[in-house]
Amino acid sequence: MEPLRLGIIGCGVIGNGAHLPSTAQSSLIDVVAVADLIEERVQAAKEKYNIPVAYSSGDELLEDDNVEAVVLAMPTGVRSPLAMRALAKGKHVLVEKPVAMSVQQVKDMMAARGDRVIGCCSPRFRLTPSARAAQECVASGVLGDLRVIRARAIIAAGPEPTNPPPPWRVNKGLNGGGILVNWGCYDLDYLLGLTGWQLKPRTVLAQAWPLASHLKARVDPASDAENHFATLIVCEGGTVISFERGEFVSAANDEAWQILGSKGSLRMHMREPKNKKILLDTSDAKEGVSTQTIWEGDDVGSSNLVLLEDFARAIREGGQPTTSLERALVMQQITDGIYESAATGKAVEIV
């Protein structure tokens, strides 16, 4: 396969910390250009990874005819418009998470896509050996009819930060929201993907809370989005998604991901890469519930490398990336529904 000629726009935490190191390991991808608004940052990336060209803006990079596809690694507020300009220039696009700031933005990208491939970065935790084992277990039918899909991830407030928090991270205007868009999209992609994308959300009831006033140093002073939310999502056929996530919370760490069915259930840990177990609980008419370990080990290797090469193969082989815009749209419908319900105090219907 001919290597994909890739441009990376954004050399910050994700671009420099994940995408550039991953592409350096790949024989399927050739990074031919990088761009960033901060001159020192883009020049450092160019030199470190021996990249031919560095640009001072994403729009400059999009004019480079040698670039076939781009990774957009910047806050959502500026990323979605840049994705539309990239599509207009005929580029394939890999969009960082969250995919967009609204359902309408996702639909706009779908309308502008044409024959280009658009991939999303939200399946990172689903592109692992443990997740594949869990997905195969669900697909086998051993769980029976799916009843409750559960994710709860509470991260305790740590010590006061020594460096200024990034201004975009918990900001509605810059990033579309707070913990829901920063981390909740991973949970949704993980659980909807493990269940084969068969769930069709219909009703959302949610509540969200801002950071407690005595912990304000954990976010930028201009932050205006949630750091904790809880929601109940009812899907077509009666399956329920119970979903709670928070960071800088006044509680001990508590993380669990679970898929419960009529005949059995799975227990897993999405985030930690080491010493993982996937537990299958099944029921018997005589003995009740018994537990077995169906997978145990470490999620070794870079899931970000798998993500990038999945994107490259979709372009070269004419397929779809692991999380397409159609799948991202489902997650964005849930996200928009959570924010609307939390704001109005009412259940929101997804159509």
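Keep in mind the model is a prediction, meaning the values are calculated, not measured. (Residues numbered from 1 in each chain as written. Predicted model: local features only at pLDDT ≥ 70, side-chain atom pairs only at ≥ 80, totals over all residues. Heavy atoms only, no water.)

What follows concerns the nonpolar core. Counting residues in each nonpolar core, the largest one holds 67 residues, and the members touching the most others are Ile9, Val70, Val99, Tyr190, Ile259, Leu266 and Met268. Looking at which element gives the most residues to this core, the answer is helix 8 (residues 179–194), with eight residues. In this structure, valine 70 is in contact with Leu6, Gly7, Ile9, Leu61, Leu62, Ala86, His92, Val93, Leu94 and Phe311, ignoring residues within four places of it in sequence. Listed in part, the 25 residues of the second largest apolar core include Leu20, Val31, Val34 and Ile51. (Core = buried A, V, L, I, M, F, W, Y, C linked by side-chain atoms within 4.5 Å. Buried < 20%, exposed > 50% of the residue type's maximum accessible area, 1.4 Å probe, protein only. Helix = DSSP H or I, 4+ residues; strand = E, 2+ residues; numbered from the N terminus. Contact = heavy atoms within 4.5 Å.)

Each aromatic ring pair is characterised by the separation of its centres together with the angle its planes make. Taken as a whole, this structure holds four aromatic pairs when the rule is applied. When the centroid spacing of 4.9 Å and the interplanar angle of 80° are considered together, the rings of phenylalanine 125 and tyrosine 186 count as edge-to-face. Taken as a pair, phenylalanine 125 in the loop between strand 6 (118–120) and helix 6 (129–139) and tyrosine 186 in helix 8 lie far apart in primary sequence, 61 residues in all. Per residue, the accessibility class of phenylalanine 125 equals that of tyrosine 186, and both read buried. For the ring pair phenylalanine 229 and phenylalanine 243, a centre distance of 5.0 Å and an interplane angle of 85° mean the geometry is edge-to-face. Highlighted residues: phenylalanine 229 in strand 9 (residues 228–235) and phenylalanine 243 in strand 10 (residues 240–249), separated in sequence by 14 residues. Comparing phenylalanine 229 with phenylalanine 243 shows no difference in burial state: the two are buried. One aromatic cluster is present, formed by Phe125, Trp183 and Tyr186 through successive ring pairs. (Phe/Tyr/Trp six-rings, centres within 6.5 Å; stacked < 30°, edge-to-face > 60°.)

A separate point is the pattern of salt bridges. All told, the structure shown has 19 salt bridges when counted by the stated rule. Note that aspartate 115 is salt-bridged to arginine 116, the shortest N-O span being 3.5 Å. One salt bridge connects glutamate 247 with arginine 169, and the closest N-O pair in it is separated by 2.6 Å. In this pair, glutamate 247 is assigned in strand 10 and arginine 169 in the loop between strand 7 (146–156) and helix 7 (172–175), connecting sequence segments 78 residues apart. Looking at glutamate 247, the relative accessible area reads 7%, which means it is buried. Arginine 169 gets classed as partly exposed once you look at its relative accessible area, which sits at 21%. Taken together, the salt bridges that share partners define one network made up of Glu2, Arg5, Glu68 and Arg316. (Salt bridge = Lys/Arg side-chain N within 4 Å of Asp/Glu carboxyl O.)

Attention shifts here to the sheet that holds strand 6. One open sheet holds the six strands; their spatial order is 3-2-1-4-5-6, and the pairing between them is parallel. Whereas interior strands pair on both sides, the edge strands pair on one side only; in this sheet they are strand 3 (53–55) and strand 6. The sheet shows a mean angle of 25° between the axes of neighbouring strands, direction not considered. Note that strand 5 (residues 92–95) and strand 6 share three bridges and pair parallel. Residue pairing across strands places leucine 94 opposite glycine 119, the latter belonging to strand 6. (Pairing = 2+ DSSP bridges. Axes fitted to C-alpha atoms, helices over the stretch in contact; angles between N-to-C directions.)

At a minimum axis separation of 10 Å, helix 4 (residues 76–88) and helix 5 (residues 103–112) run at an interaxial angle of 5°. Viewed along their axes, helix 4 and helix 5 adopt a mutual orientation that is roughly parallel. Listed contacts from helix 5 to Ser80, Ala83, Met84 and Leu87 of helix 4 are Gln105, Asp108, Met109 and Ala112. The class makeup of the residues in the contact of helix 4 with helix 5 is five nonpolar, two polar and one charged. (Parallel < 35°, antiparallel > 145°, perpendicular 65-115°, else oblique. Nonpolar A, V, L, I, M, F, W, Y, C, P; charged D, E, K, R; others polar.)

To continue, consider the packing of helix 6 against helix 8. For the pair helix 6 and helix 8, interaxial distance at closest approach is 8 Å and the crossing angle is 40°. Put simply, helix 6 runs oblique to helix 8. For the pair formed by helix 6 and helix 8, the contact residues are Ala131, Ala134, Gln135 and Val138 on the first element and Tyr190, Gly193 and Leu194 on the second.

Glancing now at helix 9 (residues 303–317). Its 15 residues place the ends of helix 9 20 Å apart at the C-alpha level, agreeing with the 21 Å of an ideal helix rising 1.5 Å per residue. Summarising the contacts, the buried residues of helix 9 are in contact with strand 1 (4–9), helix 1 (13–24), strand 2 (29–35), strand 4 (69–72), strand 5 and strand 6. The opening residue of helix 9 is serine 302, an N-cap whose side-chain oxygen sits 3.3 Å from the backbone nitrogen of asparagine 304. Just downstream of helix 9 lies glycine 318, where phi reads positive at about 75°. (Expected span 1.5 Å × (residues − 1). Polar contact = N/O pair within 3.5 Å; in protein donor to acceptor, adjacent residues only side chain to side chain.)

A separate point is the environment of valine 99. Within the element layout of this structure, valine 99 appears in the loop between strand 5 and helix 5. Sequence-wise, valine 99 and methionine 331 are 232 residues apart; in three dimensions their C-alpha atoms are separated by 9.1 Å. Filtering out sequence-adjacent residues up to four positions away, valine 99 remains in contact with Arg79, Ser80, Val106, Met109, Cys120, Leu325, Ala328 and Gln332.

Relative to the elements of secondary structure, alanine 252 occurs in the loop between strand 10 and strand 11 (254–261). For alanine 252 and isoleucine 154, which are 98 residues apart along the polypeptide, the C-alpha to C-alpha distance reads 7.4 Å. Setting aside chain neighbours within four positions, we find alanine 252 in contact with Ile154 and Ala156.

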